[in-house]
Structures are given as C-alpha cells and as structure tokens.
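# Structural description and commentary
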Amino acid sequence: MAVTMQTPLARVLGPKTATGMSEQLGLETVRDLLRHYPRRYASRGEQSDLADVQVGDRVTVLAQVRSVTTRPMKNRRGSLTEVVVGDGSGRMKLVFFNHRHAQLKPNAWGMFAGTVGEWRGEKQFAHPDMHLLDGEDDDTDWARALVPIYPASKDVSSWVIQKSVKLLLGASGELGDLVVDPLPEEIRSRHALLSLPAALLDIHRPTSMDDVERAVSRLKWDEALVLQLTLAARRRAAALEPGIARPRRAGGLLDAVDAALPFALTEGQREVGEELAAELDRDQPMHRLLQGEVGSGKTVVALRAMAQVVDAGGQAALLAPTEVLAAQHARGIRQLLGPLGRAGELDGDAAGTRVTLLTGSLKAAAKRSALAEVADGSAGIVIGTHALLQEGVEFADLGLVVVDEQHRFGVEQRDALRAKGTRPPHVLVMTATPIPRTVAMTVYGDLEISTLRQLPSGRGGVSSSVVPAAEKPGWVDRAWERLREEVAAGRQAYVVCPRIGDVPGDEPEDADGAPPEDDGPRSDRRPPLAVLDVAELLRSGPLAGLRLDVLHGRMTPDEKDEAMRSFAAGETQVLVATTVVEVGVDVPNATVMVVMDADRFGVSQLHQLRGRVARGKHAGLCLLVTDAPTSSPTGTRLAAVAATSDGFELARLDLETRREGDVLGAAQSGTRSGIRLLSLLEDEELIATARTEASALLAAERGLADHPGLAAEVAALATDERADWLEKA
Ligand code: ADP
Ligand code: MG
C-alpha cells in the first residue's frame, strides 16, 4: 500500500523505533516525522560545538577521535576506555566500561550523544551513545558535509531520526507521490516559494545553508497560513453567531455620562468609541480587544459602551481580575454616574440604572440582593471578579461583557460569561500590555483590535532610573530621600516588592511576568525581598515618621479594600505592596514608585507597575532597585525599561527575553505549539501576509473546497492537542 503523509510510522519503521518516536517525541505519522526538522547542522571542522557545551546539557556533537586508551580497572574486573574527541577547537573525553567497539580508532569521525558530565574539572561523556560515520550506510550523507542534528530523546537518537527520514525521503524517489503540497500553486508562485517536496528534501538533506534558508522560508509559510486559516475560520464562525443589536439611543445614560465627564475625551477615545458604538449596533456579537497604555483611559471607553447597551435595554458586565480593582471600578463608576447610578433608590434618577458590585467576599444578605438585581435586570451595570462566572449568577439580558486586563483571564472564562446571555453578548477585552503586532495576529488572532495610542494630555510623565544597589549603595539612600521629598511636597509613593514575606518559602506574588534566568544558575541568590520585611525596615529606618501601610494578596478583601481606600484618600503616604498594584489601580496623587529587586519582574510588568504613578498632573519618578550588575543582561534589560516609555517597544523587548513557547502559552514544550519554525519576533511580515491570504482564501465562494491539502492541514491542527495553546491564550 502506498505510503502517504497520514501513514502511521509503525507501518514504515521498526516497532521499537516507532514506539520511541511516539512516546518520547510525539511523532505518530509520516507527516509528523517529515515535519520534525533538524535543530541545526553539524559539519566537519566546525569550530564551536564542544567548546560551548555545558555540564548537564544533553547534546549531540559531531567530532573526530583523537586518541583511545584502554586500561584495566583498579578495583573491579573489566577495563576502562578513555577516548578523546575533538572538533577543531574543543575537546572532550568519552569514558566507556568494557568497551569493544573496534571502529573507535583515532581519526574516525562520529556523532556522540549524551549528558555532559564532569570529572576532576574536565567535561566528559560517560558511555555516550555514538554513531561512527565511516560505515557504508552513511557515505552519501557524509559526503554532503552538513549533518542534520535533530531534537532527539533518550531512546531515539539524532541518527536514528536521520536514518528514518532518509528512508522516507528515499522510499519514493519522487517525493511528489508521498507529499501533497498543501499550498495552492498561486500562493507559491506569488511568494516565490519552493514546493513542499523540494523544501522537505532541502531541510533534511541540505547541501548548503542556502538550501536550508530557502526551505525554512517555505516551511514557515505552511505554519503561518494554516494558523491564520484556523483563526480566520474562527472569526467567520463567530461572525455567524446571532447576537442582539444594541443601538445607540439619544437622551439616555450614555448622554448623561458624556455630560458628567470631568474632561474632554481624547481623539483616540472618541474614535474607538465610534468603532464600538457601530459594532454594538450590529446583530453579530462584537469580539474586540482594546489595547492602550496604562493610563490611556480605557475605562471610560468601556463605560460609554456599557451605557449604550443599558440604553438599549440590556445589561453590561465588567469583569476585573481582582477584588481591589472591581471595587475601585464600582466606586469610580458610581461616583461618575451620581444619581444616575442609583435608579430605584430614594435619591436615584429613574432615567438611570443600578451599578451592582458582585464579588466572592460579599456577605450572604448583600450577595442575595445583588444576585436578585442582576437576575431581574434592575442592575444595568454589574461589576465583579470571576465570581460573576459562577453558577447561580443569572442575568436578565446580558448584552455586553467587558473583561478588564485580559492577561488574567482565559478564553474559557470569557466563554463561560458569554454563555450567560440568551444570545452571545458582545465582548470587549481590555489590556494595558501593549501587544506586538505578531502576537496580536496569532495569540489574539480571533479578536478585532482597537488601540488607544495617546495618553490624555496634561499628564506629568514618568522618568525612570535604575538604582544598582550592589554597585552604588549610596544611591539607595538617595532613593529614599527622593521619596521623602515627594511626600513632603504632598505626594504619595509605592514601594513594590516581589514577595509577601513572613511565611517560609512563600512564592512570589505573581510569577507570570518572571523574567527568564538569563544570568546562569541562580540557586545561590538570596530570596526575593518581601513586603512585610521591607515595610518593617523602612518604618524603623529611612522612612521613619511617614504614614506607611502594606497591601498584598494574603490580606482579606476587606483589608485590601481599606488599604486601597486610605491610600486613595491620602491618609496613607507610602504603600508597600506586591504586584497587586500592578493592574489598574488609580491614585493620581502618587508620584513615586520604588521597585525593590526590580530584576525579578518582567519587562512588561515593570512598565505596567510604573504606569501607576504620575496619573495626575504631577511628574512621576520610578526607581528600579536591583543587585544585578549594570553590565549583566538583566542590568541591560532594566536600563532599557528605564530608557523608554514606549510600551510597544518594551513589549517587543519582552518577547525577545521570553521563550516563544511561553508567549504562545505552551510552556511545557517548544514543539507542542504546532509552530516549529515561525518566529513571532522575526516573521511579522510573513504572518501579516499569510493573514491576508487566509482571509482571501476563505472569502472565496468555495472556501477551502478547492484546496483539500490545505483543508487537511487545518483539520490536523484543529484536532491536534498542539493547538491547545490557541484556546488557553
Ligand atoms: P487605563 O487605560 O489604564 O485603564 P484609566 O481608564 O484608569 O486608564 O484612566 C486613567 C485616568 O485618566 C483616570 O483617572 C481617568 O479618569 C483619566 N482620564 C481618562 N480619560 C481622560 C481624558 N480624556 N482626559 C483626562 N483624563 C482622562
Ligand atoms: Mg484600567
């Protein structure tokens, strides 16, 4: 029977190899194996390999045998063979017990794989796997000079993979029989791409790195296009769901909100507002992401959309990631609406609605009445945390869901809330983490995107500096002095620490944004600074006499609320907190933020944090205190954060310093995302072009019907567990 891309590997390879590939590498079919690309290519005389390997690495290297010495062991029976191999610059020792490999002789070339160990200060492999290259079966590969090194596993070595691939590639002299090219001919020629068979041959058996490059640019296309088709299909399906139009009505809550605003909307807010108003007026549910710098004024944009929905007779829900934020939103919105937010109460305005706060920590009676207001529709605006998602929360007519600070909410939660409407409600997701265009087009690819680029004018702006505590201890003292000066001038300050403290081994409050370990092993580092310890030190030291309070995730909701309230009211001058202040907290009088152990935070997280200061008319100051040396990668990263306030540039930097898999939400394994070659950092153009091509393909009358190969790839991604990250983004 003919071998196709769908043929199980067990039918073409030996059972042992096939089982190993399946269990250890997740490769099931011919397609999987052909799409298991080399990680790199080794060549004879290549300079760097051995010099670069680190103890503990599992590596495959290509090297030449320099010497072989065998001697009997001292205390045991048997012999010990030491083999020194080299690759130009580096050398390494291999150790075998009772070794009988006749071909392991000086000058032989081979591939050696194993975990790099250390013995008396020297790197070595103890009984490595090896594959000598002077055997007959290798001569053709060998002549090619570029030896593919594959991601391998314990039982499936790189050369077993190489051999299996060769078997497949050779099996059908003309690969064309085996491989159906999913890319439509016109797309291939429009973008000057190799055919799939040619690309597969070139990536697995290149004669030059140019071959590899051309193959990679073609194979990336497959990934980009299939991904974009999946997302485009999802957008189209969502667009077909019937929703309910919520048209704008004059003389209602929205007009009242506009009249009550103490400021003029920025141009951006007006434009996005128009966009939302028009979309709410359609009977297809809106799925939109609103991104805008911290402080760009997203809340009022959302509130205006909610008001429109209320005016049209529906309810709007605002989901916040924390109780602190939910309470703050409720306070702010109630204050703005005044009597219009208290319809049904004595001093309420009957033309308005009710603003109801529904959080997990409400007392039973309060909760019952909140639930009743939500269920009978008298609450037009419902604000809450994930408690809103729970069973038992029934809406009379949910028309719009606003999710604030999206990165804390998963798609499942979004869906749970959407399911609470009789028909799917409109959805607006807001995020203050600027999203690089490629990430927007992939991770958020099923949402339309609006961006607020402009900050309301009259903002002071924040200047940031790194305080290298280890190198310049004096600067730390100066930092506390600056803080005291600001407080003396009537302003307020945050001091942010990565940990709460007081409990042995407690974890960082928020590991989400933890930066990669780019400075080597850090097991020797001291634990991160903790809120409770730092607060104590400051109280009795540099900030003695100031009114200082703490805020962290282990406080009860009431305690948190009280801490936030008294800080907002100016009673507390200095708030020592974890990253709970990161998201959305709004105290315009706060002008200083000191981030302790700033190196423990991710780039975007620091940017978010500093957005908490200078939200009023006064200029702000952000001091990033760190022990990291100025010249280390971490020091450089912090300097970059201090140097720019462009969130998009920082988001890009963040992308560079994080592993792509993390961005895609597939932290466990880089190959599980369905994306092997495509880079969110480098392939922006390609992703954008593929998005356009995907939309065009689906817009055609017959859709993918004329492109069965492509349809099959899309189906494969959809059913593949690898596509999980698409759901979990
Ligand atoms: P974010 O986008 O970070 O959620 P907010 O919506 O919390 O920002 O707005 C930040 C602050 O800016 C709030 O105090 C808000 O009242 C204020 N604000 C919003 N829009 C404007 C505007 N057009 N002019 C002046 N201040 C504004
Ligand atoms: Mg906000």
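Quick caveat: nothing in here was measured; it's all calculated off a predicted structure. Residue positions are given per chain, counting from 1 as you read along its sequence in written order. Chains carry letters and ligands carry numbers; both start at the beginning, A for chains and 1 for ligands, and go up in the order they are written. Residue-level local features of this predicted model are given only where pLDDT is at least 70; pairs of side-chain atoms are given and counted only at 80 or more, and the full residue set underlies all totals for whole chains, interfaces and linings. The basis for every side-chain value is the complete set of non-hydrogen atoms in the structure, without hydrogens or water.

### Here we look at unusual backbone geometry
The phi dihedral of R120 is positive, around 50°, even though this residue is not glycine. Residue burial is assigned from relative accessible area. The probe radius is 1.4 Å, only protein chains are included, and a residue is buried under 20% of its type maximum, exposed over 50%, and partly exposed in between. Owing to a relative accessible area of 74%, R120 belongs among the exposed residues under this scheme. Positive phi is not limited to glycine here, since D597 has a value of about 50°. Elements are defined by DSSP. Helices are runs of H or I of four residues or more, strands are runs of E of two residues or more, and each kind is numbered from the N terminus. With respect to the helices, strands and loops of the structure, D597 is situated in the loop between strand 21 (590-595) and helix 19 (603-610). Its relative accessible area of 3% is what places D597 among the buried residues.

### A closer look at the sheet that holds strand 20 (residues 574-577)
Should DSSP find at least two bridges between two strands, the strands are taken to pair. An order of 17-22-21-18-20-19 is seen for the six strands of this open sheet, with the pairing classed as parallel. Unpaired on one side and paired on the other, strand 17 (462-468) and strand 19 (548-551) mark the two borders of the sheet. Neighbour-to-neighbour, the strand axes of this sheet turn through a mean angle of 20°, independent of strand direction. Two elements, strand 19 and strand 20, share four bridges in a ladder whose sense is parallel. Only C-alpha atoms enter the line fits that serve as axes; for helices the fit covers just the stretch in contact. Angles between N-to-C directions range over 0 to 180 degrees.

### Structural notes on the packing of helix 8 (residues 209-240) against helix 23 (residues 684-699)
Two elements in contact, helix 8 and helix 23, have axes separated by 8 Å at closest approach and are oriented at 50°. Relative to helix 23, the element helix 8 lies oblique. Crossing geometry of helix 8 relative to helix 23 is assigned as right-handed. Residue-level contacts link K220, W221, A224, L225, Q228, L229, A232, A233, R235 and R236 of helix 8 to L686, I687, T689, A690, R691, E693, A694, S695, L697, L698 and A699 of helix 23. Per-class residue counts for the contact of helix 8 with helix 23 are 13 nonpolar, three polar and five charged. By definition in this entry, angles of less than 35 degrees are roughly parallel, angles greater than 145 are roughly antiparallel, angles of 65 to 115 are roughly perpendicular, and the rest are oblique. For any pair of crossing helices, the crossing counts as left-handed if the nearer helix is rotated counterclockwise from the farther one by less than a right angle, and right-handed if it is rotated clockwise. We call two residues in contact when some of their heavy atoms are within 4.5 Å. Amino acids outside the nonpolar list (Ala, Val, Leu, Ile, Met, Phe, Trp, Tyr, Cys, Pro) and the charged list (Asp, Glu, Lys, Arg) are all regarded as polar, and Gly is one of them.

### Some thoughts on the packing of aromatic side chains
Only rings of Phe, Tyr and Trp enter the pairing, Trp through its six-membered ring, and a pair is recorded when the two centres are within 6.5 Å. The plane angle decides the type: under 30 degrees is stacked, over 60 is edge-to-face, the rest tilted. Considering all chains together, one arrives at one aromatic pair under this definition. Pairing Y494 with F567 gives two aromatic rings, centres 5.0 Å apart and planes at 50°, and the pair type is tilted. Residue Y494 is located in strand 18 (residues 492-496), and its partner F567 is located in helix 18 (residues 557-568); the two are separated by 73 residues in the primary sequence. F567 carries the same exposure label as Y494, and that label is buried.

### Let's talk about the nonpolar core
By nonpolar core is meant a set of buried Ala, Val, Leu, Ile, Met, Phe, Trp, Tyr and Cys residues that side-chain atoms within 4.5 Å join together. Counting 53 residues, the largest nonpolar core has L483, V495 and V576 as its most contacted members. When residues no more than four places from it in sequence are discounted, the contact partners of V576 are V495, C497, V531, V534, A535, L538, L548, D549, V550 and L551. Counting residues in hydrophobic clusters, the runner-up holds 49 residues, among them I187, L319, M441 and L697.

### What to know about the sheet that holds strand 6 (residues 117-119)
The strands that make up a sheet are held in pairs by hydrogen bonds between backbone atoms, and each pair lies either parallel or antiparallel. The strand order 6-7-4-3-2-5-8 describes an open sheet built from seven strands, whose pairing is mixed. Of all strands in the sheet, those with a lone pairing partner are strand 6 and strand 8 (129-132), marking the two edges. Neighbour to neighbour, the strand axes of the sheet diverge by 45° on average, direction disregarded. Pairing between strand 2 (residues 58-72) and strand 3 (residues 79-86): eight bridges, direction antiparallel. By the bridge assignment, R71 is partnered in strand 3 with L80.

### Digging into the pairing of strand 7 (residues 122-126)
Note that strand 4 (residues 91-97) and strand 7 share three bridges and pair parallel. Residue pairing across strands places L94 opposite F125, the latter belonging to strand 7. The pairing of strand 6 with strand 7 spans three bridges and is antiparallel. By the bridge assignment for strand 7, W119 is matched with E122.

### Looking at the environment of R600
Locating R600 in the fold gives a position in the loop between strand 21 and helix 19. Each C-alpha atom of the pair R600 and A628 lies 10.0 Å from the other, and the pair is 28 residues apart in sequence. Looking at R600, its side chain comes within polar contact range of the main-chain oxygen of R526, at 2.8 Å. N or O atoms closer than or at 3.5 Å make up a polar contact, with two conditions inside protein: a donor-capable atom paired with an acceptor-capable one, and, for residues adjacent in sequence, both atoms drawn from side chains.

### Let's talk about helix 13 (residues 364-376)
A helix's residues, less one, multiplied by 1.5 Å, set its expected span. Over its 13 residues, helix 13 runs 18 Å from end to end, which matches the ideal 18 Å to within 8%, given 1.5 Å per residue. For helix 13, the complete set of buried residues consists of A370, E373 and V374. The buried side chains of helix 13 occupy one side of the element, clustering within an arc of 100° when seen end-on. For helix 13, the exposed residues set more than 90 degrees away from the buried face come down to A364, A365, R368 and D376. Close packing links the buried residues of helix 13 with strand 11 (315-319), strand 12 (354-358) and strand 13 (379-384). G377, located one to two residues past helix 13, shows a positive phi value of around 85°. Note: the arc covers the axis-to-C-beta directions of the helix.

### What to know about the pattern of salt bridges
By salt bridge we mean one thing: a side-chain nitrogen of Lys or Arg within 4 Å of a carboxyl oxygen of Asp or Glu. Using the criterion set out here, one finds 34 salt bridges in the structure. For R31, the salt bridge identified is with D32, shortest N-O distance 3.6 Å. Given the relative accessible area of 16%, R31 is considered buried. Looking at D32, the relative accessible area reads 9%, which means it is buried. The partner of D222 in a salt bridge is R35, with the nearest N and O atoms 2.8 Å apart. Of this pair, D222 sits in helix 8 while R35 sits in the loop between helix 2 (30-34) and strand 1 (40-42), and the two are 187 residues apart along the sequence. Of the two residues examined, D222 and R35, each falls in the buried class. Each member of the salt-bridge network shares a partner with another, and the members are R31, D32, R35, D181, E185, R188, R218, D222 and E713.

### Topic: the environment of K93
As for its placement among the helices and strands, K93 is situated in strand 4. For the pair K93 and E122, spaced 29 residues apart in sequence, the C-alpha separation works out to 7.9 Å. If sequence neighbours within four positions are ignored, K93 has contacts with E82, V83, E122, K123, Q124 and F125. Looking at K93, its side chain comes within polar contact range of the side chain of E122, at 3.1 Å.

### A look at the confidence of the model for the protein
You can read pLDDT as the predictor saying how much it trusts each residue, on a scale of 0 to 100. Put simply, the protein has an average pLDDT of 83, and 86% of its residues get 70 or more. In the model, residues 661-673 has pLDDT below 50 throughout and makes 26 contacts with residues more than four positions away in sequence or in other chains.

### Structural notes on the packing of helix 7 (residues 196-204) against helix 8
Where helix 7 meets helix 8, the closest approach of the two axes is 8 Å, and the angle between their N-to-C directions is 130°. Regarding the angle of helix 7 to helix 8, the classification is oblique. Both helix 7 and helix 8 take part in a crossing whose hand is left-handed. Contacts between helix 7 and helix 8 pair L196, A199, L200, D202 and I203 from the former with D211, V212, R214, A215, V216, R218, L219 and D222 from the latter. Its residues assigned to classes, the contact of helix 7 with helix 8 comprises eight nonpolar, no polar and five charged.

### Comments concerning helix 17 (residues 531-540)
Taken as a whole, helix 17 has its buried residues at V531, V534, A535 and L538. Down the axis, helix 17 shows its buried residues gathered within 100° of arc, on one side only. What points out from helix 17, more than 90 degrees from its buried face, is the exposed set L537 and S540. Against the buried residues of helix 17 lie helix 16 (473-488), strand 18, strand 19 and strand 20.

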